[in-house]
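# Architecture at a glance
One letter stands for each residue in the lines below.
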Amino acid sequence: MATASTRRARKRRLKAEINVVPYIDVMLVLLIIFMVTAPLLNVGVDVNLPQADAKTLEQKKKKPVVVQVGKDGALALTYEGVDRPQAVDAEQLVAKVRAFVDADPELAVYVAGDRDVSYQSVYEILSLLQRDAKVARAGLMGEPKP
């Protein structure tokens, strides 16, 4: 009788293996979700820069801070460590740029105004950067002619 019970115990022995198929299914679903939602996270402002025949400036230090002004006056900020422009309002712009300038007083800040935005709007942003954010090196950004 002892042999019959040991045979049953051997047949009902648990497997010590992990079934990874459900984990792979979950990972594939998450991959698809992230692939679909990633393009929707672009919050920047589309800017058509004016074109001119000017030489580009040599940038010896790190990537400059770029303030984009859209057609409708919307502001976006691009700085080192950020790939896409971040939409900001005027107060956020001044606070962030002021923090960058406090860390590096020689930091270059460029304003990329859309070619269809009024010059007054671009000029107000430049004066706001110089007056409130204490930017010493502020300039305009453009594209070279093809």
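Scope of this entry: the structure provided in the associated data block.

The rules behind the values
- Residues numbered from 1 in each chain as written.
- Predicted model: local features only at pLDDT ≥ 70, side-chain atom pairs only at ≥ 80, totals over all residues.
- Heavy atoms only, no water.
- Buried < 20%, exposed > 50% of the residue type's maximum accessible area, 1.4 Å probe, protein only.
- Helix = DSSP H or I, 4+ residues; strand = E, 2+ residues; numbered from the N terminus.
- Pairing = 2+ DSSP bridges.
- Phe/Tyr/Trp six-rings, centres within 6.5 Å; stacked < 30°, edge-to-face > 60°.
- Salt bridge = Lys/Arg side-chain N within 4 Å of Asp/Glu carboxyl O.

We now examine the pairing of strand β3 (residues 75–78). Burial of β3 is two-sided: the residues Leu-75 and Leu-77 facing one way and the residues Ala-76 and Thr-78 facing the other way are all buried. With four bridges joining them, strand β2 (residues 65–69) and β3 adopt antiparallel strand pairing. For Val-69, the partnering residue across the bridge sits in β3 and is Leu-75. Hairpin connection of β2 to β3: five residues between the antiparallel strands, including Gly-73 at a positive phi of 90 degrees. Alignment of β3 against strand β4 (residues 86–88), held across three bridges, turns out to be antiparallel. Across the sheet, Leu-75 pairs through a bridge with Val-88, a residue of β4.

Before going further, it helps to examine the pairing of β2. A large share of β2 lies buried, amounting to five of its five residues. By the alternation rule, side chains of β2 split into Val-65, Val-67 and Val-69 and Val-66 and Gln-68, which are all buried. For β2 and strand β5 (residues 108–113), the ladder comprises five bridges, and the chain directions are parallel. Paired with Val-69 across the two strands is Gly-113, which belongs to β5.

This part takes up unusual backbone geometry. Unusually for a residue other than glycine, Lys-134 sits at a positive phi of about 60 degrees. Position of Lys-134 relative to the elements: it lies in the loop between α4 (119–131) and β6 (137–140).

Our focus in this paragraph is the packing of aromatic side chains. Any aromatic ring pair is given by two values, namely how distant the centres are and how the planes are angled relative to each other. Scanning all chains against the criterion turns up two aromatic pairs. Relative to Phe-100, the ring of Tyr-79 has its centre 4.8 Å away and its plane inclined at 50 degrees; by these criteria the two rings are tilted. With Tyr-79 in the loop between β3 and β4 and Phe-100 in helix α3 (residues 90–103), this residue pair connects regions lying 21 residues apart in the sequence. Classification of Phe-100 as partly exposed rests on a relative accessible area of 24%.

Now for the pattern of salt bridges. In the structure shown here, the tally under the stated rule is three salt bridges. Taking the shortest distance from any N to any O, the salt bridge between Asp-102 and Arg-98 comes out at 3.4 Å. A residue pair is termed a helical-turn pair when its members lie 3 or 4 positions apart in one helix, as Asp-102 and Arg-98 do in helix α3 at four residues. Note on Asp-102: relative accessible area 54%, which makes it exposed. A relative accessible area of 31% means that Arg-98 is categorised as partly exposed.

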